[in-house]
Amino acid sequence: MTSWFAPGRINLIGEHTDYNDGYVLPFALEVGCTATVSPAPGADGWTVRSAQQPDPVDVRRSGLADADLAGVPDWSRYVLGALWLLTDRGVDVPPLDVGVDSDVPSGAGLSSSAALVCSVVRAVDDHLGLGLDDAALFALTRDVENDAVGAPTGGMDQLVSLRGEAGRALFCDMRSHETRSVPLDLAGNGLAVLVADTRAPHRHSDGEYGARRSGCEEAARRLGVAALRDVTADDLDAALGRLDDDELRRYVRHVVTEDDRVLSVVELLDAGRLADVGPLLTASHRSMRDDFRITVPEVDTAVDTLLGSGALGARMTGGGFGGCVIGLVPEADVDAAGEAVRRAFADAGFAEPDLFTAEPSPGAHPLAGR
Ligand code: GAF
């Protein structure tokens with residue numbers, strides 16, 4: 001029996017930059033998913049079970065093709081997709097029992113799916129002694145989401161779930177997939193990351209995410225670059241001048257300025273100036289709201305309320321259209337800021353938000369007693 005834990009994530013800054021080959025700065029959370037892999041001698045396939053789901057899913061190995069994945073419950077595709085991709089790539093995956101147990105709230109934009117797939121891939125790799133290196137582990141987890149599940153996401157969530165570090169954020173170059181951790185010493189600076197899960201329903205989020213991604217790809221094509229990462233902040237005005245489509249211009253402005261903000265935040269964190277990153281976080285939110293247009297009233301209300309109650313900066317985190325907002329808040333103001341968000345939501349007639357603080361935590365790791 002082999003057990004691995006992999007965490008969910010908060011993205012400190014760098015939204016919708018990953019699939020543009022750009023920069024992101026997420027950190028791993030304390031909450032996550034535990035995957036336990038056991039041999040299933042005598043069985044002729046794989047059984048996957050979730051502590052959060054009523055029924056296990058059984059699949060015969062010989063019958064596991066693309067089409068079969070379409071027929072299994074959504075949550076199990078992340079598990080079966082990993083087993084299927086390994087098989088497709090020539091690994092003889094024997095009969096297995098895979099159990100998963102997650103405490104990442106689903107649908108909150110905290111990457112419950114990355115926690116799931118990363119815990120499974122690490123546990124299967126370890127159990128079967130495959131010895132996949134860092135690059136192969138990342139590629140497999142991203143391919144499960146893109147190719148097996150069919151979600152056109154950019155890889156940030158899997159990268160930080162695999163490689164996050166306690167007390168640090170992970171600076172990721174999403175072209176090379178090289179990563180470097182940078183200090184995020186919240187307590188040492190008397191600060192906290194206060195998270196408001198707005199519980200806003202993800203309105204049209206799937207189609208809107210894909211539309212943003214293809215819009216960015218189209219803009220890069222028109223500008224003659226491989227990806228929007230290749231347009232620098234210095235080139236931005238000239239690039240905007242060469243596009244006649246207002247929507248694409250807004251997407252380009254968001255991505256290019258967001259990459260630039262990530263680099264500025266990394267510089268500040270490297271220099272031990274955490275308290276100075278607030279305005280960049282808030283500028284990121286404004287860019288998502290006004291240029292990329294992926295916010296909803298609940299997240300804008302949470303951001304404005306946090307800023308009005310002591311936060312040094314605040315922004316939506318994750319793919320958008322709902323989910324969570326983060327505020328960089330002096331520890332002494334955390335309770336009052338949370339209470340202000342609750343009150344603002346009640347006044348606006350929104351669902352009650354969930355408020356909690358987040359600690360940069362370790363990435364995927366094996367669990368003892370396995
Ligand atoms: C989601 C995706 F999964 C990530 O790849 C990333 O694009 C993010 O939205 C937006 O920054 O979490």
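- As named in an unreviewed UniProt entry, the chain is Galactokinase, taken from Nocardioides pini.
- Here is the UniProt Sequence similarities (unreviewed entry) comment for the chain, exactly as written: "Belongs to the GHMP kinase family. GalK subfamily."

**What about the overall build of the chain?**
Argument step 1. From N to C terminus, the chain includes 11 helices and 12 strands.
Argument step 2. On C-alpha atoms alone, the chain measures out to a radius of gyration of 21 Å, which is about the 21 Å that the 2.2 N^0.38 rule sets for 370 residues.
Argument step 3. With the principal axes as the frame, the chain shows a C-alpha extent of 60 × 50 × 40 Å.
Argument step 4. Burial statistics for the chain: of 370 residues in total, 50% are counted as buried.
Argument step 5. For the chain, the share of sequence-separated contacts (at least 6 apart) that also reach a separation of at least 24 residues comes to 69%.

**Topic: helix α3 (residues 112-128)**
Argument step 1. Taking 1.5 Å per residue as the helical rise, α3 with its 17 residues ought to reach 24 Å, and the 24 Å between its terminal C-alpha atoms agrees with that figure.
Argument step 2. By the criterion of burial, α3 is predominantly enclosed, with 15 of the 17 residues buried.
Argument step 3. Gly-129, located one to two residues past α3, shows a positive phi value of around 65°.

**What to know about helix α11 (residues 334-348)**
Argument step 1. Here α11 contains 15 residues, and its C-alpha end-to-end distance of 21 Å stays within 8% of the 21 Å for a straight helix at 1.5 Å per residue.
Argument step 2. Burial in α11 covers these residues: Val-334, Ala-337, Gly-338, Val-341, Ala-344 and Phe-345. For α11, the arc enclosing every buried residue in end-on projection is 125°, short of the 170-degree limit, so these residues lie on one face. Those residues of α11 that are exposed and aimed more than 90 degrees away from the buried face are Asp-335, Ala-336, Arg-343, Ala-346 and Asp-347.
Argument step 3. Close packing links the buried residues of α11 with β8 (191-197), α10 (297-307), β10 (324-330) and β11 (354-358).
Argument step 4. Where α11 terminates, the next one or two residues include Gly-349, which has phi positive at roughly 80°.

**Here's the deal with the packing of helix α4 (residues 134-149) against helix α5 (residues 156-163)**
Argument step 1. Two elements in contact, α4 and α5, have axes separated by 9 Å at closest approach and are oriented at 140°. Classified by the angle their axes make, α4 and α5 are oblique. Handedness of the α4/α5 crossing: right-handed. Judged by residue contacts, Leu-137, Phe-138, Thr-141, Arg-142 and Glu-145 of α4 engage Gln-158, Leu-159 and Leu-162 from α5.
Argument step 2. Split into classes, the residues belonging to the contact of α4 with α5 amount to 4 nonpolar, 2 polar and 2 charged.

**Here's the deal with the packing of α3 against α5**
Argument step 1. Two elements in contact, α3 and α5, have axes separated by 9 Å at closest approach and are oriented at 55°. Taken together, the axes of α3 and α5 are oblique relative to one another. α3 and α5 meet at a crossing whose hand is right-handed. Each of Ala-114, Ala-115, Val-117 and Cys-118 in α3 lies in contact with α5, whose residues at this interface are Asp-157, Gln-158, Ser-161 and Leu-162.
Argument step 2. Here the residues of the contact of α3 with α5 sort into 5 nonpolar, 2 polar and 1 charged.

Criteria and cut-off values
Residues numbered from 1 in each chain as written. Predicted model: local features only at pLDDT ≥ 70, side-chain atom pairs only at ≥ 80, totals over all residues. UniProt positions renumbered as here; feature names shortened; annotations may be inferred. Helix = DSSP H or I, 4+ residues; strand = E, 2+ residues; numbered from the N terminus. Rg over C-alpha atoms; globule rule 2.2 N^0.38 Å. Buried ≥ 20, exposed ≤ 12 C-beta atoms within 10 Å, placed from the backbone. Contact = placed C-beta atoms within 7 Å. Expected span 1.5 Å × (residues − 1). Arc of directions from axis to C-beta. Axes fitted to C-alpha atoms, helices over the stretch in contact; angles between N-to-C directions. Parallel < 35°, antiparallel > 145°, perpendicular 65-115°, else oblique. Left-handed = near helix turned anticlockwise from the far one by under 90°. Nonpolar A, V, L, I, M, F, W, Y, C, P; charged D, E, K, R; others polar.

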